Amino acid sequence: MTLGDSQLKPDAPGKTTGETLYAGDYKHDNFLHAKAVFTNEPHARITKLDTSAAEALEGVVLVLTAADVPVNAYGLTIADQPVLVGPTGSGDGQPSHAASHDAVSPELVSHDVSRWEADHLAIIVAETTDICDQAALLIEAEWEQLPLIADLDAALADDAYLVHPEADAESNLYHNIVIRKGNVTEAFAKADVIIEGSYELPYQEHAFLQTEVSVGSVDDEGRITVETAGQWTHEDQEQIAHSLNMPMDQIRVIYRAIGGAFGGKEDMSLQIVVALAVKALREAGIARPVRSEWNREESIVGHHKRHRGKVTTRWAATADGMILGVEADSYLDAGAYNYTTNKVLGNLHLSVSGPYNIPAARIDSNAVYTNAIPGGAFRGFGGPQGSFVSECQMNKLAQACGIDPVEIRRKNLLSDGSIGITGTELPLGVSIAEVVDACAEAADWTSPLGDPKPNPSFASLPPATGSIRRGRGMACAYKNIGFSFGFPERSEAKIILHADPGTDSDSDPGESGDGSSEIAPAYGEVFLAGADVGQGAHTAFVQMAAETTGLAFEDFSAVFSDTATTGDSGSASASRLSWMSGNAILGAAEEAQKAWLAGDRPAVGDFRYVPPPTEALDPEGAPSQPNFAYGYVAESVDLTVDIETGHITVHDVVCAIDVGRVINHDLVVGQVEGAIIQAHGYAISENLIVEEGRVKNPRLSGYLIPGIGDIPEEVRTVLLEIPDPRGPFGVRGMSEMPFIPYAPAIVAAMHDATGVWFDEFPLTPTRVQAKLKEAGNV
């Protein structure tokens, strides 16, 4: 048995000693270096581009511009972004190889417009990084400034300039989804209590340890090969092939060790850059590999963020706390390009009413283009934004009705058989009530808190006493597992079982009738593309393969994340890898075992798992089934706040989460603790400032992720194992869920401590002080 064991990650020793090689560590012979030059223009049309001085600089090998891009449009879900910005007439090639995403025809993407300060202007390939930097300064570009659409308010103004005039939309609001359920007018007419709220949702930077890096070369079979760190090898392969206008089988993507992602490496960064450079070098007769890496400032400016947004909502309820109806209007700032905004918006859309029975709802959610930094995937994928709204509303409702926050949730929580917010029955295995109860029990919710703890706001000063207030808050959430809204979800795996060469060689299937088919396999191999971005997915894959085949963990070897040798496993996102790849592993193991019993040596099992289909949301709000599985979580927070300084100290966090079945105990607990620490930064300290289309604090010295002295003093994890009926071994996805309810639990605890509600965050000392002063609490 391997499931549930805290199996050590095989790559842990190498990562500890520094022996593990990340993409940027691979040292090919005769390296060249590539630099993607940013436009540094939030919104402008290029009228002239001169690269001659850069090309003439000694040590420069190539300078690539929009004219060198075969198909100058790309994007994960909508191809609305140029690879390189260049003057009119450049980069207008048409794809001859089909793409599976919602492509915008390249001639409709205005390649001559920079819509974001980090749009790419040129690619410099040179002998050293210093030469690349010098050459970038020699590029001359002339620009016609266009009206800057800095934020949602500017984008939604009646006379707003269109960021994407080529898009099929009459305004910058380019994507809208709705829910229409029950009779909302009647619900509010019957209400004893109406809770109204307007919420501001902030950006968040991923701050992964490893910045973006890609290495490009040509492999032994003539394929353009990109070694990088991402979240979906086959999608990277497809986007590279699309922009280079090449067959996918001529592009190879390999993931080396990955130093964090959190959704921030789901979109392109340098993959197309180095692939395009390798292609151009090969056409010039130069057979040299190319390396490109962003520094931290380039990374913060150059990749997408958790979306900022605004939500206005009101909830109707009876005096005893039963929800009657919900109305909500949500707006996400997509930034300059869609990235995954249309999908993130869907998750916010489903979670803005919470994991509750809602008899009537009118929910309108909107994606809006601006000239700000793009929003995209980030742990929770819209769930943190939507759940902040729903859980703040629920806690305000509890206060208005004079009902305990746990008890009012029990009255309204979803259960098996409930009709969800989209008008269809939820997938079986709804366990939100169980996690709420487990959280309340572990937190000793009904017992009073002790006296406020001394709170040393500053290390150089003694702890404050008279200004300290203590409070406790609760929040819960649910989130989809796997791709949603009709996307063709799937995962592929291959398992090969081998005999002991000393008893039954792989080259001899045992046709002599000596009973060799009854001999157990001696060792196995598993092939999967799923990315391990630090969460331990590869360890979990092997544990599941070992469990299924009866082999020991150490008897398995594995090949991961190489489009040349592994089938498409889908992305490391949506809390889906253990669930989806686990089901693929079960199928592959079954096929391999059949082959083994049939006498095949080696015995090969290939399997493609396809889950139950989902449905796109109906444009008129009619019932639809958007997801095939969900995860459930509840959290309580105990904190103190110094009302004079605004400094918050979190003493205790209880996270109760249903994981279905524990695959690796320590890895699961690590995911819970890591998610809460990351959410702690989102809720309290991480304040990304974006003004006039520019990131104003693009360094970690000015963007404050929590340090070891800032994080909660204690995080207590309560693992429930209520099997998901469709999950492998009953497994549920879980890595995103602990993040989601943390910010609203903090806000609830702050209200308990001070009597003040905070409808925007992060709760920096300055913001806390200002709000308390406004409320007359200081």
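Definitions and limits used
Residues numbered from 1 in each chain as written. Predicted model: local features only at pLDDT ≥ 70, side-chain atom pairs only at ≥ 80, totals over all residues. Heavy atoms only, no water. Helix = DSSP H or I, 4+ residues; strand = E, 2+ residues; numbered from the N terminus. Expected span 1.5 Å × (residues − 1). Buried < 20%, exposed > 50% of the residue type's maximum accessible area, 1.4 Å probe, protein only. Pairing = 2+ DSSP bridges. Axes fitted to C-alpha atoms, helices over the stretch in contact; angles between N-to-C directions. Parallel < 35°, antiparallel > 145°, perpendicular 65-115°, else oblique. Left-handed = near helix turned anticlockwise from the far one by under 90°. Contact = heavy atoms within 4.5 Å. Nonpolar A, V, L, I, M, F, W, Y, C, P; charged D, E, K, R; others polar. Polar contact = N/O pair within 3.5 Å; in protein donor to acceptor, adjacent residues only side chain to side chain. Phe/Tyr/Trp six-rings, centres within 6.5 Å; stacked < 30°, edge-to-face > 60°. Lys NZ or Arg CZ within 6 Å of the ring centre and 35° of its normal. Salt bridge = Lys/Arg side-chain N within 4 Å of Asp/Glu carboxyl O. Lys, Arg positive; Asp, Glu negative; His and termini not counted. Core = buried A, V, L, I, M, F, W, Y, C linked by side-chain atoms within 4.5 Å.

J.: Explain helix α13 (residues 537-549) to me, please; I cannot follow it from the model alone.
T.: Since one α-helical turn is 3.6 residues long, residues separated by three or four positions face the same way. Its 13 residues give α13 an end-to-end C-alpha distance of 18 Å, which sits within 8% of 18 Å, the value for a rise of 1.5 Å per residue. The buried count for α13 comes to 13 of 13 residues, which makes it a mostly enclosed element. Positive backbone phi, approximately 85°, marks Gly550, located one or two places after α13.

J.: Help me out: how do you make sense of the sheet that holds strand β6 (residues 140-145) in this one?
T.: The strands that make up a sheet pair up through hydrogen bonds in the backbone, lying either parallel or antiparallel. Ordered by their spatial adjacency, 3 strands build an open sheet running β4-β2-β6, and the pairing between neighbours is antiparallel. Of all strands in the sheet, those with a lone pairing partner are β4 (113-114) and β6, marking the two edges. Both strand β2 (residues 44-50) and β4 contribute to a ladder of 2 bridges, which runs antiparallel. Bridge pairing links Ala44 to Ser114 in β4.

J.: Whenever I open this one, the packing of helix α9 (residues 341-351) against helix α10 (residues 383-401) confuses me. Can you help?
T.: If you want to describe how two helices pack, look at the angle between their axes and the distance between the axes. Viewed as axis vectors pointing N to C, α9 and α10 meet at an angle of 20°, and their least axial separation amounts to 7 Å. One element, α9, and the other, α10, form an angle in the roughly parallel class. Regarding α9 and α10, the two cross each other, and that crossing is right-handed. Side by side, α9 and α10 meet where Asn347, Leu348 and Ser351 of the first sit next to Gly383, Gln385, Gly386, Ser387 and Ser390 of the second. Taken together, the residues of the contact of α9 with α10 break down into 1 nonpolar, 7 polar and no charged.

J.: Help me out: how do you make sense of the environment of Thr20 in this one?
T.: Tracing the sequence through the fold places Thr20 in the loop between α1 (12-17) and β1 (32-38). In sequence terms Thr20 and Gly383 are 363 residues apart; their C-alpha atoms lie 34 Å from each other. Residue contacts for Thr20: discarding those within four places in its chain leaves Asp11, Gly14, Lys15, Asp25 and Ala257. A polar side-chain atom of Thr20 sits 3.1 Å from the main-chain amide nitrogen of Lys15.

J.: Mind showing me how you'd approach the sheet that holds strand β18 (residues 523-528) here?
T.: Pairing is mixed in the open sheet, where 4 strands are placed in the order β19-β18-β17-β20. Of all strands in the sheet, those bounded by a partner on one side alone are β19 (556-560) and β20 (603-609). This sheet shows a mean twist of 15° between the axes of neighbouring strands, independent of strand direction. Across the sheet, α13 lies against β17 (491-498), β18 and β19, angled at about 135° from β19, the strand it touches most. Contacts from helix α14 (residues 577-597) reach β17, β18 and β20, with the element oriented near 145° to β20.

J.: Help me understand the environment of Asn245 in this model?
T.: With respect to the helices and strands, Asn245 occurs in the loop between α6 (233-244) and β11 (251-255). In this structure, the C-alpha to C-alpha distance between Asn245 and His111, residues 134 residues apart in sequence, is 17 Å.

J.: Would you explain the pairing of β2 in this entry?
T.: Regular strands have side chains that alternate between both faces of the sheet. As paired elements, β2 and β6 share 6 bridges and run antiparallel to each other. For Ala44, the partnering residue across the bridge sits in β6 and is Gln145.

J.: What should I look at first to understand the packing of aromatic side chains in this one?
T.: Any two aromatic rings considered together are summarised by their centre-to-centre distance and by the angle between their planes. By the definition in use, this model includes 17 aromatic pairs. Centre to centre, the rings of Phe388 and Phe761 are 4.5 Å apart; their planes meet at 40°, and the pair counts as tilted. Of this pair, Phe388 sits in helix α10 while Phe761 sits in the loop between α16 (742-754) and α17 (765-774), placing them 373 residues apart in sequence. Judged by relative accessible area, Phe388 falls into the buried class, the value being 0%. A ring pair is formed by Tyr682 and Phe761, whose centres lie 4.9 Å apart and whose planes are at 85°; its orientation type is edge-to-face. One end of the pair, Tyr682, is in helix α15 (residues 665-685); the other, Phe761, is in the loop between α16 and α17, with 79 residues separating them in the sequence. We classify Tyr682 as buried; its relative accessible area is 1%. Members of the aromatic cluster, connected to one another through ring pairs, are Tyr199, Phe378, Phe388, Tyr682, Phe739 and Phe761. One Lys or Arg, Arg306, reaches over the ring of Tyr682 and ends 4.9 Å from the middle of that ring. Taking NZ or CZ as reference, Arg601 lies 3.6 Å from the ring centre of Trp596, over its face.

J.: So what exactly am I meant to see when it comes to helix α12 (residues 432-442) here?
T.: Within α12 the residues assigned to the buried category are Ile432, Val435, Val436, Ala438, Cys439 and Ala440. Where α12 is buried, its residues meet α11 (405-412), β16 (468-480), β21 (630-642), β22 (648-658) and β25 (714-720). Asp444 sits one or two residues past α12 and shows a positive phi near 50°.

J.: Explain the pattern of salt bridges here, please?
T.: Pairing is possible between side chains of opposite charge, provided their charged atoms come close. Applying the stated criterion to the full structure yields 39 salt bridges. Note that Arg716 is salt-bridged to Asp652, the shortest N-O span being 2.7 Å. Taken together, the positions of Arg716 in strand β25 and Asp652 in strand β22 put the pair 64 residues apart, joining distant regions of the chain. One network of salt bridges, in which partners are shared, links Arg180, Arg314, Glu327, Asp329, Arg362 and Asp364.

J.: Just to check I follow, could you spell out the side chain of Lys265 for this structure?
T.: In this fold, Lys265 is placed in the loop between β11 and α7 (271-283). Within the buried set, Lys265 has no salt-bridge partner at all; the shortest N-O distance to an opposite charge, 6.4 Å, is to Glu212. For Lys265, the side chain forms a polar contact with the main-chain oxygen of Gln210, separated by 2.8 Å. In terms of polar contacts, Lys265 uses its side chain to reach the backbone carbonyl oxygen of Gly260, at 2.8 Å. Look past the residues within four positions of Lys265 in its chain and what remains in contact with it is Phe208, Gln210, Thr211, Ala229, Gly230, Gln231, Ile258, Gly259 and Gly260.

J.: Can you walk me through the nonpolar core in this structure?
T.: When a protein is soluble and globular, its nonpolar side chains tend to lie buried together. Formed by 198 residues in total, the largest nonpolar core has its most connected members in Ile495 and Ile746. Of the residues forming this core, the biggest block, 10 residues, is contributed by α14. Not counting residues within four places of it along the chain, the set of residues in contact with Ile495 comprises Glu525, Val526, Ala545, Phe556, Ile585, Ala588, Ala589, Ala592, Ala603, Val604 and Gly605. With 15 residues, the next largest nonpolar core counts Ile46, Val63, Val85 and Ala136 among its residues.

Everything listed here is a matter of coordinates, which is why it stays silent on function.
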